[in-house]
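Structural features, examined
Now for the letters of each chain:
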Amino acid sequence: MADSFLLNGKNASFEPGQTILEAAGNNGITIPTLCHLKGTTPTGACRICLVEVAGARTLMAACSTPVSTGMDVRTDTDRVHQSRKLVVELLLSSGRHDCMVCEANGDCRLQDLAYFYGIKEPRFKQADEFYPVEDRNPFIVRDFSRCILCGRCVQACNEVVVNRAISLGYRGAETKIVTGGDKAYDESDCVFCGQCVQACPVGALTEKKAVGLARTWETRKIRTTCPYCGVGCQMWLHVKDGRITKTTAVEDAEPNRGRLCIKGRFGYDFLYSGERLKTPLIRENGNFREASWDEALDLVAAKFKDTIDRFGPDSVAGVSCARSLNEDSYQMQKLFRAVFGTNNIDHCART
Amino acid sequence: MTNSFADFAKAKLFIIIGSNMTEAHPVAATFVKDAVLAGAQLIVIDPRRSGIADFAHLHVPIKVGSDVAFLNGVMNVLISEGLYDKKYVESCTTGFDKLKAKVMEYPPEKAAEISGVSADLIRETARRLASIKPAMLIYTLGITEHICGVKNVLSCANIQMLLGNVGFECGGVNPLRGQNNVQGACDMGALPNVFPGYQRVDNPEARAKFQAAWKCEELPGKPGLMMPQMIDGLPEGKVKALYIFGENLANTEPDIRHVEHCLSSAEFLVCQDIFPTETTRFAHVILPAAAWSENDGTFTSSERRVNRVRTASDPPGKAKPNWWIFREIARRLGHHWESNSAKEIWDNEVSRLAPSLAGIRYSRLRNNGLQWPVPNDKHAGTPTLHGDGCFTCGLGVFSPVDWIPPAETPDESYPLLLSTGRRLYHYHTRTQTGRSKGINDLLGEETADISPEDASALGIKDGEMVKVESRRGEVVVKANVTNRVPAGMVWMAFHFREGCANWLTNPVYDPITLTAEYKACAIRIAKTG
């Protein structure tokens, strides 16, 4: 029997140890967050999840406050909304949040909150001095002017993928997200898994290869399985006009639960290499010449048939591909067994 | 894998042997690291101080190729000190007496002498392993790429059964597969001895079943050639025509010079690929194929999870799906295959013919896919094999094995041992990662990773060019002086044509699987110029 507490005046259940954020979520109340990263230690850094708790002196951060029996929590009061709006206004004033040219436009939590609270013009003086944009590495653009210091990239790097390349540097107003003692990404311990980009709720960390290819709302997301190692990570292909603009990990999917590595996240654009084989080729006098499918397939069929006729079915052999589809390997072994009449079919299974 | 990746996040004790997880399976490694941060114990057995060893409570740097001796030594302690799971051994396994007799020949002192770690460390490993149940054993190619690969695998199974760890969540024997669909290619019967679903070709009933399904003439019952036999069969004239689909054998197989000689002696060679490679140079016909994300289908991951792969764009030019190409060749030889899409192939053939995949249909492969065996449409899949120690084959069979040394060990002429593998940033022969913008910027060339001790003895400085020679060939690469490699060893990968470790590796094989001994050969190294 779960314990109960009061959520917006109604009885709600919770499991001991749950935070207000988790318990509210289970009871159908979504509390907005910026810094909260599922599965990591709550930091309570952004203050956007503040809620009213009866008897508490101040508003409480839902992400880091555990629920207790009988607690009276209100998520939807004027005081809560005024406070959240103030946080959003302060965050907006702290950076250069010009959504028009931001890669995250349309996929930004700060933008969503500003929209929700109807913030049309700045209430506070805008900051105008920022650390320069870092885009010297091939994969990740880091724009400090858009960084809201939520620390999700720090959490992702240290507590999710545990690559320990990103941390919070300096103090107070000087606070900055740093890699390797405030060096560039490519000079630090970073292994370019891009988990920080996946975690960034705004446009501070974005995929360099995606720049200029599409606005977020122009793409459709296609779920697929990563083509590299045997873990089988689930990923979204963000596609516009038949071209992958970027990939992201599928959150809450087995086996990767929102994670990818450098190869999965940034290793897709070989597809668009000009070196792709585009037409069948037949060797003639030591050189390859282009051929039609009919000509090439007729030749392959005839050569295999002739070889089998002359030397028997076991004189032909095939190596299948451990990177291609199940259906492809199935077809190839069927071709060798049912058509050629040999079990000389293998692949690099053991290496 | 007997178990699932989901177990990694919640396991209490890991034994990782011969697996450079943080580089070869980075995402799987993140869950191990998470578990360690949450309190799990981690024992890493690896000659190198690999990335995952940084998180280990115990790193056991055994000598390359000494796995059987080391594990026999550990099992000796488990039995001598009464630390093994007697109840499990009694009720779930058979052959314990033979195993006991064998491992008694490997007291910790003897195992220590062979494996190069102290007897005390062997005892400590055994005691730690017995202290928490279940423990999860994870291995990769450090176990299999030896002439004794099968013995190494059997040793992993022996120790996990002795500890009573097979058949439980967060336990089991878990090989991480190096390629996205190497599991699937096996499941589909791209092996010389089995049809799809591991039904043996030498079983007349299986042959009759497939003959009926495929409406073909009598199927051959003699197991076929394995890949190294095919390659060697070319110059011997045994194999006249070879069809290579999506493999770059000229870079991936040991002893490149020999492999290229073989490929060049093919009377007829077909290559079906997405790029020109070192291997397609030898082809008589090259067929352009659709790549990942250019056609629909399925992959099967290490954890036996069948999952969908979906189309995002069209293949370039005239490139075609691979299944279509095979179907067209069959048609030209009088075989008209009905299935005309990946979905039809799976739903109408694969799942009907392979009992372990019978319950998997495309309509069920939404979201997270299904882990085989899935014997029927209602079955939800099998995250853990051999549930509760009830082995699929009855009792778990202990297979006692003896240690043998690698085929080639360092000597006066070639005094160092070369071991090889993969690095984080690249994948295999770089046909894909080498053409993905930016990855070459992070890793643009091969290096010979060498210990500070050996480097200093040879007067080699970090970053200097060195010549690495074996009895097969030589390469010139940069030296990478690193304390991750133990003295006496050099480590290289096979990603770059120039400086590819396979100019040097030894084409000797495990007698059962014909897996090559990529992990051990003798070399010498010297500064160039």
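Residues numbered from 1 in each chain as written. Chains lettered and ligands numbered in written order. Predicted model: local features only at pLDDT ≥ 70, side-chain atom pairs only at ≥ 80, totals over all residues. Heavy atoms only, no water.

Points about the domain arrangement of chain A
Partitioning chain A into structural domains gives domain 1 (3-76) and domain 2 (312-351). Centre-to-centre, using C-alpha coordinates, domain 1 of chain A lies 58 Å away from domain 2 of chain A. (Domains from an automatic or database assignment.)

So, the sheet that holds strand 10 (residues 268-273) of chain B
Taken together, the seven strands give an open sheet; going across it, the order is 14(A)-13(A)-11(B)-10(B)-9(B)-15(A)-16(A), and neighbouring strands pair in mixed fashion. The open sheet has two edge strands with one neighbour each: strand 14 (287-290) and strand 16 (345-346) of chain A. Across the face of the sheet, helix 8 (residues 326-340) of chain A comes into contact with strand 15 (316-319) and strand 16 of chain A together with strand 9 (241-245) of chain B while running at roughly 170 degrees to strand 15 of chain A. Across the sheet, helix 15 (residues 322-332) of chain B touches strand 9, strand 10 and strand 11 (285-288) of chain B, and the angle it forms with strand 9 of chain B is around 155 degrees. (Pairing = 2+ DSSP bridges. Helix = DSSP H or I, 4+ residues; strand = E, 2+ residues; numbered from the N terminus. Contact = heavy atoms within 4.5 Å. Axes fitted to C-alpha atoms, helices over the stretch in contact; angles between N-to-C directions.)

Points about the interface of chain B and chain A
At the junction of the two partners, chain B supplies 147 residues and chain A supplies 115 residues. In total, about 11000 Å² of surface goes out of reach between chain B and chain A, with carbon and sulfur atoms giving 63% of it. If you sort the residues of chain B by the area they bury against chain A, B:Trp292, B:Arg332 and B:Trp337 come out on top, with a joint share of 7%. Inspection of the chain B/chain A interface yields nine salt bridges. In this structure, the salt-bridge partner of A:Glu275 is B:Arg435, at a minimum N-O distance of 3.1 Å. Linking chain B to chain A there are 69 residue pairs in polar contact (both at pLDDT 80 or more). With ten residues, the single largest contributor to the side of chain B that touches chain A is helix 15 of chain B. Sheet topology note: the strand 15 of chain A/strand 9 of chain B ladder contains four bridges and is parallel. Residue pairing in the sheet places A:Val319 in a bridge with B:Ile244 of strand 9 of chain B. (Buried area = accessible area lost by both parts, 1.4 Å probe. Salt bridge = Lys/Arg side-chain N within 4 Å of Asp/Glu carboxyl O. Polar contact = N/O pair within 3.5 Å; in protein donor to acceptor, adjacent residues only side chain to side chain.)

Focus on the packing of aromatic side chains
Taken as a whole and judged by the stated rule, the model has 26 aromatic pairs over all chains. Residues B:Phe96 and B:Phe398 carry aromatic rings whose centres are separated by 6.3 Å and whose planes lie at 65 degrees to one another, so their mutual orientation is edge-to-face. One end of the pair, B:Phe96, is in helix 5 (residues 96-103); the other, B:Phe398, is in the loop between strand 15 (396-397) and strand 16 (416-421), with 302 residues separating them in the sequence. Side by side, B:Phe96 and B:Phe398 carry an identical accessibility label, which is buried. Ring geometry for B:Phe210 against B:Trp214: centres 5.0 Å apart, planes inclined by 55 degrees, an arrangement best described as tilted. Of this pair, B:Phe210 and B:Trp214 both sit in helix 11 (residues 204-214), separated by four residues, roughly a single helical turn. Grouping residues by exposure puts B:Phe210 and B:Trp214 together as buried. Counting every residue linked through ring pairs, the aromatic cluster contains A:Phe304, A:Phe336, A:Phe340, B:Tyr243, B:Phe245, B:Phe268 and B:Phe326. For the cation-ring pair, B:Lys320 lies above B:Trp324, with the distance from its terminal atom to the ring centre recorded as 4.8 Å. (Phe/Tyr/Trp six-rings, centres within 6.5 Å; stacked < 30°, edge-to-face > 60°. Buried < 20%, exposed > 50% of the residue type's maximum accessible area, 1.4 Å probe, protein only. Lys NZ or Arg CZ within 6 Å of the ring centre and 35° of its normal.)

Digging into unusual backbone geometry
A:Glu254 connects to A:Pro255 through a cis peptide bond whose omega is 5 degrees. Mapped onto the elements, A:Pro255 comes out in the loop between strand 12 (243-249) and helix 6 (262-266). Cis geometry marks the peptide bond from B:Trp372 to B:Pro373, where omega comes out at 0 degrees. Mapped onto the fold, B:Pro373 is located in the loop between strand 14 (370-371) and strand 15. Here A:Phe192, not a glycine, exhibits a phi torsion of approximately 55 degrees, which is positive. Take A:Phe192: it is sitting in the loop between strand 8 (176-179) and helix 5 (195-199). For A:Asp252, which is not glycine, the phi dihedral falls at a positive 60 degrees. Mapped onto the elements, A:Asp252 comes out in the loop between strand 12 and helix 6.

With respect to the domain arrangement of chain B
Many structure descriptions define interface size as the accessible area lost when the parts assemble. All names here are of chain B. Per the domain assignment, the segments making up chain B are domain 1 (5-176), domain 2 (182-382) and domain 3 (416-527). A C-alpha centroid distance of 31 Å is found between domain 2 and domain 3. Listed by partner, the interface residues are 19 residues for domain 2 and 20 residues for domain 3. With both chains or domains summed, domain 2 and domain 3 bury close to 1700 Å², and 60% of this area falls on carbon and sulfur atoms. Ranking the residues of domain 2 by area buried against domain 3 places Asn251, Pro254 and Asp255 at the top, with a combined share of 31%. Where domain 2 meets domain 3, there are one salt bridge. Ionic pairing is found between Glu260 and Arg497, a salt bridge with its closest N-O pair at 2.5 Å.

Overview of the packing of helix 2 (residues 78-94) of chain A against helix 3 (residues 109-116) of chain A
All names here are of chain A. Direction vectors running N to C along helix 2 and helix 3 enclose 130 degrees, while the axes themselves pass 10 Å from each other. Classified by the angle between their axes, helix 2 and helix 3 sit oblique to one another. Seen from above, helix 2 lies across helix 3 with left-handed handedness. The segment helix 2 lies against helix 3, with His81, Val88, Leu91 and Leu92 engaging Leu110, Leu113, Ala114 and Phe116. Here the residues of the contact of helix 2 with helix 3 sort into seven nonpolar, one polar and no charged. (Parallel < 35°, antiparallel > 145°, perpendicular 65-115°, else oblique. Left-handed = near helix turned anticlockwise from the far one by under 90°. Nonpolar A, V, L, I, M, F, W, Y, C, P; charged D, E, K, R; others polar.)

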